[in-house]
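Next come the chains, spelled out residue by residue.
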Amino acid sequence: MKCLPAFSLEAAIAGSPFAPLYPTPLSLELAITEAYRFHENDHPALRELAVLRIQFSAMMQPIGEQDLLAGRVFYPLVSFGPEVNQPGGLGYACGPDVIREMLKRPDVTPELAARAEEMIAFWSSRSTEARTRAAYPPELAKTLPSDAWMAESGIAFPLYRIAGTVLDYAKLMRVGLPGLIAEARSLGGRADAEGALFFKGVVGALELLATSCKNYALQASELAARAKNPQRRSELLRIAGSLEAIQSRPPQSLHEGIQLAWLYALHSGTWNYGRADVYLGPLLDADIKAGRLDEPEALRLIQSWWRLMKAYANPFNNRVFIGGRGRPDEAASDRFALLAMEASRTLRLDQPQLSLRFYEGQNPDLMEKALTVIGEGVTYPMLYNDDVNIPAVARSFAIPEDEAVRYHPFGCGEYIIAARSIGSPNGVINLAKCLEATLHEGRDPWTGKRTGPATPPVEAFDSFEQLWAAYAAQVEHHVAACAQQEKIEYEVAGRETAFLFISALYDDCFERARPLLSGGVKYLGGTIETYGNITTADSLRAIEELVF
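Residues numbered from 1 in each chain as written. Predicted model: local features only at pLDDT ≥ 70, side-chain atom pairs only at ≥ 80, totals over all residues. Heavy atoms only, no water.

A. Summary view of the overall build of the protein chain. Counting its secondary structure elements, the protein chain contains 23 helices and 15 strands. Taking 24 Å as the expected radius of gyration for a compact globule of 548 residues, we find that the protein chain reaches 25 Å, a close match to that expectation. The dimensions of the protein chain, computed from C-alpha atoms along their principal axes, are 80 × 65 × 50 Å. Buried positions account for 55% of the 548 residues belonging to the protein chain. Of the roughly 22800 Å² of accessible surface on the protein chain, a fraction of 54% belongs to carbon and sulfur atoms. When the 53 positive and 67 negative side-chain charges of the protein chain are each reduced to one mean point, those points stand 6 Å apart. (Helix = DSSP H or I, 4+ residues; strand = E, 2+ residues; numbered from the N terminus. Rg over C-alpha atoms; globule rule 2.2 N^0.38 Å. Buried < 20%, exposed > 50% of the residue type's maximum accessible area, 1.4 Å probe, protein only. Areas by Shrake-Rupley, 256 points an atom, 1.4 Å probe, with all protein chains shown as cover. Lys, Arg positive; Asp, Glu negative; His and termini not counted. Charge placed at Lys NZ, Arg CZ, Asp CG, Glu CD.)

B. Looking closely at the packing of helix α2 (residues 27–38) against helix α3 (residues 44–59). Here α2 crosses α3 at 165 degrees, and the two axes come no closer than 8 Å. Judged on the interaxial angle alone, α3 and α2 are roughly antiparallel. As for how α2 packs across α3, the hand of that crossing is right-handed. Taken together, the residues of α3 that come into contact with α2 (itself represented by L28, A31, I32, A35 and Y36) are R47, A50, V51, I54, Q55 and A58. Of the residues contributing to the contact of α2 with α3, the split by class is nine nonpolar, one polar and one charged. (Axes fitted to C-alpha atoms, helices over the stretch in contact; angles between N-to-C directions. Parallel < 35°, antiparallel > 145°, perpendicular 65-115°, else oblique. Left-handed = near helix turned anticlockwise from the far one by under 90°. Contact = heavy atoms within 4.5 Å. Nonpolar A, V, L, I, M, F, W, Y, C, P; charged D, E, K, R; others polar.)

C. How the structure looks around the packing of aromatic side chains. In this structure the tally under the stated criterion is 21 aromatic pairs. Aromatic side chains F198 and F199 sit 5.0 Å apart centroid to centroid with 45 degrees between the ring planes, which places their arrangement in the tilted category. By relative accessible area, which is 0% here, F198 ends up buried. F199 gets classed as buried once you look at its relative accessible area, which sits at 3%. Through pairs of rings, three or more aromatic residues link up here, namely Y36, F80, Y92, F122, W123 and F499. (Phe/Tyr/Trp six-rings, centres within 6.5 Å; stacked < 30°, edge-to-face > 60°.)

D. Representation of the pattern of salt bridges. This structure, assessed with the given rule, holds 38 salt bridges. For E496, the salt bridge identified is with R131, shortest N-O distance 3.3 Å. Placement of E496 in helix α19 (residues 464–496) and of R131 in helix α6 (residues 128–134) is noted, with a sequence separation of 365 residues between them. Among the residues examined, E496 registers a relative accessible area of 13% and is labelled buried. With a shortest N-O distance of 3.7 Å, R512 and D508 are connected by a salt bridge. For R512, a relative accessible area of 37% puts it in the partly exposed group. On the basis of relative accessibility, which here comes to 18%, the residue D508 falls in the buried class. Taken together, the salt bridges that share partners define one network made up of E40, R47, R126, R131 and E496. (Salt bridge = Lys/Arg side-chain N within 4 Å of Asp/Glu carboxyl O.)

E. Structural view of the nonpolar core. Membership of the largest hydrophobic core comes to 153 residues, with the highest contact counts inside it found for I99, Y264, Y273, L280, W305, W306 and L516. Sorting elements by how many residues they give to this core places helix α9 (residues 193–226) first, with 14 residues. When near neighbours in sequence (up to four residues on either side) are disregarded, Y264 contacts L167, L172, L180, L206, L209, F501, A504 and L505. Membership of the second largest hydrophobic core comes to 10 residues, among which are V393, A394, Y407 and I417. (Core = buried A, V, L, I, M, F, W, Y, C linked by side-chain atoms within 4.5 Å.)

F. Inspection of the packing of helix α18 (residues 431–438) against helix α23 (residues 533–546) at higher detail. Viewed as axis vectors pointing N to C, α18 and α23 meet at an angle of 35 degrees, and their least axial separation amounts to 7 Å. The segment α18 lies against α23, with L431, A432 and L435 engaging N533, T535, T536, S539 and L540. Residue composition of the contact of α18 with α23, by class: four nonpolar, four polar and no charged.

G. Focus on the sheet that holds strand β15 (residues 527–531). Here we have three strands laid out as an open sheet, ordered β5-β13-β15, and mixed in their pairing. The open sheet has two free edges, formed respectively by β5 (156–158) and β15, since each of these has just one partner strand. On average, adjacent strands in this sheet sit at an angle of 20 degrees to one another, irrespective of strand direction. With five bridges joining them, strand β13 (residues 425–430) and β15 adopt parallel strand pairing. Within β15, the position partnered with P425 by the bridge is T527. Sheet contacts for α18: β13 and β15; angle to β13, the most-contacted strand, approximately 45 degrees. (Pairing = 2+ DSSP bridges.)

H. How the structure looks around the environment of A398. Tracing the backbone through its elements, the reader meets A398 in the loop between α16 (386–397) and α17 (401–404). For the pair formed by A398 and L237, sequence separation is 161 residues and the distance between their alpha carbons is 49 Å.

I. Seen up close, a nonpolar patch on the surface. A contiguous nonpolar surface patch, about 230 Å² in accessible area, is contributed by L371, I374 and L383. Relative to the helices and strands, I374 is located in helix α15 (residues 364–375). Given the relative accessible area of 31%, I374 is considered partly exposed. (Patch = residues over 30% accessible without salt bridge, like charges linked within 9 Å, V, L, I, M, F, W, Y side chains within 5 Å.)

What follows is the structure, encoded as structure tokens:
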């Protein structure tokens, strides 16, 4: 593959912010590929930083006509992230099918098509998913076929992602972007050689975020200068002012707080926003008490944030929590929580997944508001009972209740401990297919292939207990395979990535001077998704009653 001219961050952001930096098809993807190639043998944190410098030079999108906050993104077809939306995948990802569709455009030259095919071939062995797959031992590769997700059948298959991350947004509000950069620099100066490189990458990544704030502030100011509507001019100037402020100090208003949390989340690639009432409620309360903001204005701001989440387009996540035990300033948090529910009531969007935690003794206004909103036919907020969940999480995670209070469901309802644990659901088992294979001597009747243990013919089962034992053996085989795959995926991702933005706001990455999956995260766990549960239960019950 021919090398593109060298790209630098300074050149990428020169001129008018958000001008098309890569105007031809796939030029951004090719530039990202070249950045990776040039830094392929560097420390993972520095290689990641080099890729992010190219990616974020063009990934952030202009402020929308009605936006009250800055922050829209698109993912290129070659990109880096924990579970990027497009092309999808873990770490370094490439979407060959979508790229080949793009190559059908009439403006694609034969030379570009050839370079694109070379790029696809390059990533076929360098993407984090490909490296994970290459690390499977033969038996695991047989049990977890790579094409099972798209195939007509399959008992178990892997997923490649780090899902469900919830950052320490409260710390971000407390120390701000400059404080986080200063902490990383200080710790890097005292760390060992490996840790120093990690912190060097973190500082560079956080400076990229500051650059995005700077560019957005410039764009907001330019738009304000051209705005004919006085109200819109005022809105744009507020955006510019907040973006200027958060570059130099912690946020001091609700607008600044949401703006910083939102841009940080977009840069990290996470799809979850934690206990927003805890870290934003005090800012809202201070604004109202000082007369800087009233509740109708605050509602409009939260509604704008909700619309940006909708535009981020991940209906499986985009989770915001309110309520529950362990909130330091409940009165201020409640004020935000009530407005958050009103935003969901008035907008009636499928995102964000607003979720209310409640407990005996909590302000009854929260539950009353929640039931009113749900009663009007709005999907959210979802409800979580802390009196049940906190002790249950403490037992199942084997942690004290003062840590369990940080529980956060995400996605399909999996639980993690905010900023403290990873439990990405990276394996899937179809329990109905397990039973089907059990009834066909361990083979998939669609393909005739055996991926699990052999079982006797159905005529050989003298009792339901024998059938159950054979079925359980199928399930256990595939559970073990998914667990092995998750371990390998974490190990490969730990070698290949640093997840700099996530690591900077995750316990105990700074304390240990290590990235998220290289010894940094406090609790590393896993999750297996199961499908066909009800079908399987009904089938087993029918077999037990009608056959045995």
